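# A look at the structure
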Amino acid sequence: MIVITEPNITDERIKEITIHIEKAGVQAHVSRGTDRTVIGIIGSAAPTLAEHLRQMKGVENVIKISKSYKLASRDFHPDDTIIDIKGVKIGGDNLVIMGGPCAVESPEQIDEIARLVKAAGGQVLRGGAFKPRTGPYSFQGVGVEGLAMMTEAGKKHGLLTITEVMTPEYVDICSEYADILQVGTRNMQNFDLLRKLGTVQTPVLLKRGFSSTYDEFLNAAEYILAGGNPNVMLCERGIRTFEAYTRNTLDLAAIPVLQSLSHLPVISDPSHGTGRRELVEPMSKASLAAGANGMIIEMHTDPDNSMTGDGVQSLFPDQFAKLLRELEQLAPLLGKQFNTEKQPPSAFVEWKK
Ligand code: PEP
Ligand code: MN
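Here, residues in each chain are numbered from 1, in the same order as that chain's written sequence. Labels follow written order: the first chain is A, the first ligand is 1, and so on. For a predicted model such as this one, the threshold for reporting local features is a pLDDT of at least 70, and the threshold for listing and counting side-chain atom pairs is 80 or more; totals across whole chains, interfaces and linings nevertheless cover every residue. Just so you know, side-chain values use all the structure's heavy atoms and leave hydrogens and water out.

## Concerning the overall build of the chain
Helix and strand counts for the chain come out as 11 helices and 14 strands. In summary, the chain has a C-alpha radius of gyration of 21 Å against a globular reference of 20 Å for 353 residues, a match within 12%. Based on the C-alpha atoms only, the size of the chain along its principal axes is roughly 70 × 45 × 40 Å. Counting every position in the chain, which comprises 353 residues, the buried fraction comes to 54%. Partitioning the intrachain contacts of the chain with sequence separation of at least 6 by distance along the chain shows that 70% fall at a separation of at least 24. We get accessible surface area from the Shrake-Rupley algorithm with a probe of 1.4 Å; when it comes to residues, only the shown protein chains can shield them. Of the roughly 15,100 Å² of accessible surface on the chain, 52% is carried by carbon and sulfur atoms. A run of H or I in DSSP becomes a helix once it reaches four residues, and a run of E becomes a strand once it reaches two; helices and strands are each numbered from the N terminus. The quantity called the radius of gyration is restricted to C-alpha atoms. Its globule counterpart is 2.2 Å times the number of residues to the power 0.38. Note on classification: 1.4 Å probe, protein chains only; a residue is buried when its accessible area is under 20% of the maximum for its type, exposed when over 50%, partly exposed between these limits. We call two residues contacting when some pair of their heavy atoms lies within 4.5 Å.

Right under this line is the structure:
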């Protein structure tokens, strides 16, 4: 159920309404929009609550939301959510680019890649310190030391950082190091992890489970929002289909569908979404055309020798820089702003492997 208030309602009046809701034994989540304030009611309330609320001063309407997710829905929050991380805005008409290796491998590797991400005009450095590998004998990531390496590289080159967190116990430590926490596709329905992420304020990039429907995806986001963390972005990273040529099928329609159902920013991952380097550029452009609020792209200085198998989908630094320049040109035509600080192409002639 949501309560839609009259325009220009005072803070005191909103407080009175939320107290009334909480006295009924349910939670009230307030969302202030440009025009009106919407108060979401979470929990099962007595049918009389809606009637009482309708009669309160300042209340324009009370509507039942029939969807299973509430706080993630556009009904509750009609405006786009814009997450501001140290001045980098994610959501609305801003285009954000996250780039970097699949895994943090060494201080030198992440430092050099951070330099190249920044030079190309990216805003966020990606890199996994904990890797969710399909097989138990594959490289599992360098762990907490990798977090420190990435944070140092991010700070040195003026980039935000994003890293994957796999278990609830590691949420606090990963939050100390990274600006954004990534939930991987295999953990989209790890409900203990999602609940724990609801207890912090660190922004979360939630990847779609590779066999999940939009409804399941938005319900996973709802767990984090309901816990009290409003800083959630959704990531389309490809789903399993019968097609084996590509690693996954990047579901481009997910971008406008999720944006119509939800106010949360939608980020595209053309790297895992295709598993093939040559498809990253066209799928990035297609994602921008479909309305994505940004991309998370794998880039490596020596992809053939990367420690995970994801070298085959990683761009070389010069390809990454070229792609960002093209996205910068396309962005205004497609209603997006791409605020990038970049260096000339000569910065990419050579890089350290
Ligand atoms: C990754 O980003 O490197 C990753 C493992 O992603 P996903 O969870 O989408 O497979
Ligand atoms: Mn990867």
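## Brief notes about the environment of Leu 327
Here Leu 327 shows up in helix α11 (residues 317–330). A relative accessible area of 0% means that Leu 327 is categorised as buried. C-alpha separation for the pair Leu 327 and Ser 284, spaced 43 residues apart in sequence, amounts to 8.2 Å.

## Some points on the coordination of the manganese ion (ligand 2)
Atoms are scored as donors when they are N, O or S and lie within 2.8 Å of the metal, with 3.2 Å used for Na, K and Ca; no water is included, so coordination may look incomplete. Here the manganese ion (ligand 2) is held by the protein donor atoms Cys 102 (SG), His 272 (NE2), Glu 298 (OE) and Asp 310 (OD), which lie 2.0 to 2.3 Å from it. Read in sequence order, the donor residues coordinating the manganese ion (ligand 2) give the pattern C-x169-H-x25-E-x11-D. Note that Cys 102 is positioned in the loop between β7 (96–100) and α3 (107–120) and His 272 in helix α9 (residues 270–274), a separation of 170 residues in sequence. Among the residues examined, His 272 registers a relative accessible area of 8% and is labelled buried.

## A few points about the nonpolar core
Take the buried residues of types Ala, Val, Leu, Ile, Met, Phe, Trp, Tyr and Cys, join any two whose side-chain atoms come within 4.5 Å, and each joined set is a nonpolar core. Ranked by internal contacts, the top residues of the largest apolar core, which has 68 residues, are Ile 97, Leu 125, Leu 197, Leu 206, Leu 234, Met 295 and Phe 320. Taken domain by domain, this core gets at least three of its residues from each of domain 1 (2–63) and domain 2 (83–350). By size, the runner-up hydrophobic cluster in this structure holds 15 residues, among which are Val 88, Val 96, Val 124 and Leu 205. All domain edges in this entry derive from an automatic or database-based domain assignment.

## Examining unusual backbone geometry
In terms of backbone geometry, most residues other than glycine have negative phi values and most peptide bonds are trans. We note that Asn 8 has phi near 60°; this positive angle belongs to a residue other than glycine. Inspection of the secondary structure puts Asn 8 in the loop between β1 (2–5) and α1 (11–23).

## Topic: the state of the cysteines
When two cysteine sulfur atoms lie within 2.5 Å, the pair is treated as a disulfide. Applying the stated rule across the entire model yields zero disulfides. Summary of cysteine pairing: Cys 174 is not part of a disulfide, and the nearest cysteine sulfur, belonging to Cys 102, is at 15 Å. Of all cysteine sulfurs in the structure, the one in Cys 102 sits closest to Cys 235, which takes part in no disulfide; the separation is 13 Å. Its relative accessible area of 0% is what places Cys 235 among the buried residues.

## Quick notes on the sheet that holds strand β4 (residues 59–63)
With antiparallel pairing, four strands are arranged side by side in an open sheet as β2-β3-β1-β4. The open sheet is flanked by β2 (27–32) and β4, the only strands paired with a single partner. Across the sheet, the axes of successive neighbouring strands diverge by a mean angle of 20°, strand direction being ignored. Across four bridges, the pairing between β1 and β4 is antiparallel. Its bridge partner being in β4, Ile 4 is matched across the sheet by Asn 61. Between N-to-C directions, angles span 0 to 180 degrees; the directions come from axes that are lines fitted to C-alpha atoms, helices contributing only their stretch in contact. Where α1 meets the sheet, it contacts β1, β2, β3 (37–42) and β4, and its direction lies at approximately 155° from that of β2. We treat two strands as partners when DSSP finds at least two bridges between them.

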